[in-house]
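Residue strings, one per chain:
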Amino acid sequence: MKIPASTTHGLDITTIVDGDIAEVIALWQRCGSTREWNNPAADIALARRESNSTVLVGRDKGAVVASVLVGHDGHRGWVYYVTVDPDQRFKGHGRTIMSAAEDWLRARGIEKLQLMVRGDNAKVHAFYKSLGYYDQERVTFAKWLDGREPTP
Ligand SMILES: CC(C)(COP(=O)(O)OP(=O)(O)OC[C@H]1O[C@@H](n2cnc3c(N)ncnc32)[C@H](O)[C@@H]1OP(=O)(O)O)[C@@H](O)C(=O)NCCC(=O)NCCS
C-alpha cells in the first residue's frame, strides 16, 4: 500500500515487505524500542499474518527513518514501535508516520486510536500531546498467556 505523497511530508510510506524487515529491526534497536521479552522478527511476522495489522515503513532518500506497527482488535486501533531514526528527529517524521497509522485505521472503520506510554516517559508524552492525544487516566493490566512471570 502506497499512501498519497500529499500526506507524507517528504516521507515515502509503504506497508512493510520482506526486504524491509532487517532495516526496520535495526531502526527499532537504534531507537531502544526492543525489549528482551519481545522478538522483533516474530512481532513483525505476527503483525503481517492477518489483515487487521501491519507495519508501516517511512523512507527518506531510500533509507528507513520511521516506522509504526499498527493494528486493530475489532474495536480500537493500537500502535507499537513508533520510531524515528535518532539522527532524523524533530523534522516531523514522527507526526507523519502517526498520521499514516491514523489513516490506515480510518480506512478500516476504526474510530479511536489508543496507545500505551510508560508513565515516566515525559518526552514521549509531549510528542503525543503535540499530535492531539490526551491522557485517559486508565490503569493497564496485563497477563502473559503462557504463564510466565510479569515483565515491567
Ligand atoms: C517519539 C518519536 C517517534 C518522535 O519523533 P520525531 O520525528 O522527532 O517527532 P516530530 O518531529 O514529528 O515531532 C512532533 C511534535 O512532537 C514534539 N516532540 C517530538 N519529540 C519530542 C521530545 N523528545 N520532547 C518534547 N517534544 C517532542 C515536537 O516538538 C513536535 O511538536 P510540534 O509539532 O508541536 O512543534 C522519536 O523521538 C522516537 O523514535 N523516540 C524513541 C522511540 C519511542 O520512544 N517511541 C514512542 C514509543 S511509545
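Source: prediction; values computed, not measured.

Participant: So what's going on with the site of the ligand? Residues and values would help.
Facilitator: Around the ligand, 20 residues are found, and the nearest of them are Val 82, Phe 90, Gly 92, Gly 94 and Arg 95. Between the ligand and Arg 89 there is a distance of 3.2 Å, counted from an oxygen atom to a side-chain nitrogen or oxygen. At 3.2 Å from an oxygen atom of the ligand is found a side-chain nitrogen or oxygen belonging to Ser 130. Taking 920 Å² as the accessible area of the ligand by itself, protein coverage stands at 73%. At the level of elements, β4 (77-84), α3 (93-106) and α4 (122-130) are the ones that each hand at least two residues to the shell around the ligand. Looking at the shell around the ligand element by element, the count peaks at six residues for α4. In terms of residue class, the shell around the ligand is made up of 10 nonpolar, six polar and four charged.

Participant: Can you break down the pairing of β4 residue by residue, with the values?
Facilitator: Taken together, the six bridges between strand β3 (residues 63-72) and β4 define a ladder with antiparallel strand orientation. Within β4, the residue paired with His 72 across the bridge is Gly 77. Hairpin connection, β3 to β4: the antiparallel pair is bridged by four residues, and Gly 74 has positive phi, about 95°. The pairing of β4 with strand β5 (residues 113-114) spans two bridges and is classified as parallel. The residue bridging Trp 78 from the neighbouring strand is Gln 114, located in β5.

Participant: Give a detailed account of helix α2 (residues 40-49), specifying residues and quantitative values.
Facilitator: Because each turn of an α-helix spans 3.6 residues, side chains separated by three or four positions end up pointing in the same direction. Those residues of α2 not exposed but buried are Pro 40, Ile 44 and Ala 47. Looking down the long axis of α2, one finds its buried residues gathered within 65° of arc, a one-sided arrangement. When the buried face of α2 is taken as reference, the exposed residues oriented beyond 90 degrees from it are Leu 46 and Arg 49. Against the buried residues of α2 lie α1 (21-30), β2 (53-60), β3 and β4. You can read the cap of α2 off the contacts: a side-chain oxygen lies 3.0 Å from the backbone nitrogen of Ala 41, and it is on Asn 39.

Participant: Residue-level account of unusual backbone geometry, with values.
Facilitator: In this model, Phe 90 sits at a positive phi of 60°, which is unusual for a non-glycine residue. Within the secondary structure, Phe 90 sits in the loop between β4 and α3. What makes Phe 90 exposed here is its relative accessible area of 91%. Located in the positive-phi region is Glu 137, a residue other than glycine, with phi close to 55°.

Participant: Explain the pattern of salt bridges to me, using residue names and the numbers behind them.
Facilitator: It is possible for side chains bearing opposite charge to pair when their charged atoms get close. Per the stated rule, a full pass over the model turns up nine salt bridges. Asp 20 is paired through a salt bridge with Arg 59; the nearest N and O atoms lie 2.7 Å apart. Residue Asp 20 is found in the loop between β1 (12-15) and α1, and its partner Arg 59 is found in strand β2; the two are separated by 39 residues along the sequence. Each member of the pair Asp 20 and Arg 59 is classed as buried. For the salt bridge of Arg 30 with Asp 85, the shortest nitrogen-to-oxygen distance reads 2.8 Å. Of this pair, Arg 30 sits in helix α1 while Asp 85 sits in the loop between β4 and α3, placing them 55 residues apart in sequence. Given a relative accessible area of 43%, Arg 30 falls into the partly exposed group. One continuous salt-bridge network, built from bridges that share partners, spans Asp 20, Glu 23 and Arg 59.

Conventions we followed
Residues numbered from 1 in each chain as written. Predicted model: local features only at pLDDT ≥ 70, side-chain atom pairs only at ≥ 80, totals over all residues. Heavy atoms only, no water. Near = heavy atom within 4 Å. Polar contact = N/O pair within 3.5 Å; in protein donor to acceptor, adjacent residues only side chain to side chain. Areas by Shrake-Rupley, 256 points an atom, 1.4 Å probe, with all protein chains shown as cover. Helix = DSSP H or I, 4+ residues; strand = E, 2+ residues; numbered from the N terminus. Nonpolar A, V, L, I, M, F, W, Y, C, P; charged D, E, K, R; others polar. Pairing = 2+ DSSP bridges. Buried < 20%, exposed > 50% of the residue type's maximum accessible area, 1.4 Å probe, protein only. Arc of directions from axis to C-beta. Contact = heavy atoms within 4.5 Å. Salt bridge = Lys/Arg side-chain N within 4 Å of Asp/Glu carboxyl O.

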